[in-house]
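Secondary and tertiary structure notes
Read off the chains here:
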Amino acid sequence: MRPYWSPYLAGVGLGMTLLATYVLMGFGLGASGAFAHIAAHLENAVAPGRAQANPYVAGYLEAGRVWAQWIVVEIVGVVIGGLLGAWSAGRLAWRLERGPRVGRGRRLLFAFVGGATVGFASRIAQGCTSGLALSGGAVLSPGGWAFMVAFMAGGFVTAWAVRRVWR
């Protein structure tokens, strides 16, 4: 296995990617909107009457075909890039990272609850960490910066609360 990338180099790369998305596409980075678009189109395929009667879901359907949405194409690129990055670094493997005091089931439960909470919160906030913090912060949005400060503070408090589980 090769070592991880330098966080400074990765940060510069992320910043350049964000700049490129604004210049080339007219949009910043994001993620949660892609999942909302896909979920809306899946619901429309299974229960079209229900999907079109729901104003929240209908808004995503009115945006047009799912593959015509920039954010969906972006997320496909993120998945492919992540797989290629892990493969090229010799780190592509099926494994479950966990602390010595955490069983497999508990780790999966933590991951599910955490992911569901973040996904739900990103829909309430109308954006995820990449959309709010990175893209919002890049255009000097006060809400983006406030979110970033609150998110980091919440992360430090959570890390402090669960750190004993990982020792």
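Everything numeric here is computed off the predicted structure, so don't read it as measured data. (Residues numbered from 1 in each chain as written. Predicted model: local features only at pLDDT ≥ 70, side-chain atom pairs only at ≥ 80, totals over all residues. Heavy atoms only, no water.)

Comments concerning the packing of aromatic side chains
In this description, an aromatic ring pair is defined by two values, namely the gap between the centres and the angle between the planes. Throughout the structure, instances matching the rule amount to 2 aromatic pairs. Arranged with centres 5.4 Å apart and planes meeting at 70°, the rings of Y56 and Y60 form a pair that is edge-to-face. Here Y60 and Y56 lie together in helix 4 (residues 55-62), a separation of 4 residues that amounts to about one turn. With relative accessibility at 43%, the residue Y56 sits in the partly exposed group. (Phe/Tyr/Trp six-rings, centres within 6.5 Å; stacked < 30°, edge-to-face > 60°. Helix = DSSP H or I, 4+ residues; strand = E, 2+ residues; numbered from the N terminus. Buried < 20%, exposed > 50% of the residue type's maximum accessible area, 1.4 Å probe, protein only.)

Topic: the side chain of E74
With respect to the helices and strands, the residue E74 is situated in helix 5 (residues 70-88). Buried E74, no salt bridge; nearest opposite-charge side chain is R123, N-O distance 11 Å. Not counting residues up to four positions away in its chain, the partners in contact with E74 are G28, L29 and G30. (Lys, Arg positive; Asp, Glu negative; His and termini not counted. Salt bridge = Lys/Arg side-chain N within 4 Å of Asp/Glu carboxyl O. Contact = heavy atoms within 4.5 Å.)

Re the pattern of salt bridges
Any two side chains of opposite charge can pair, given that their charged atoms come close. Under the defined criterion, the tally for this structure stands at 2 salt bridges. Ionic pairing is found between E43 and R50, a salt bridge with its closest N-O pair at 3.1 Å. On the basis of relative accessible area, R50 is assigned to the exposed category, the value being 60%. Ionic pairing is found between E97 and R95, a salt bridge with its closest N-O pair at 3.0 Å. Taking relative accessible area as the criterion, R95 reaches 46% and is therefore assigned partly exposed.

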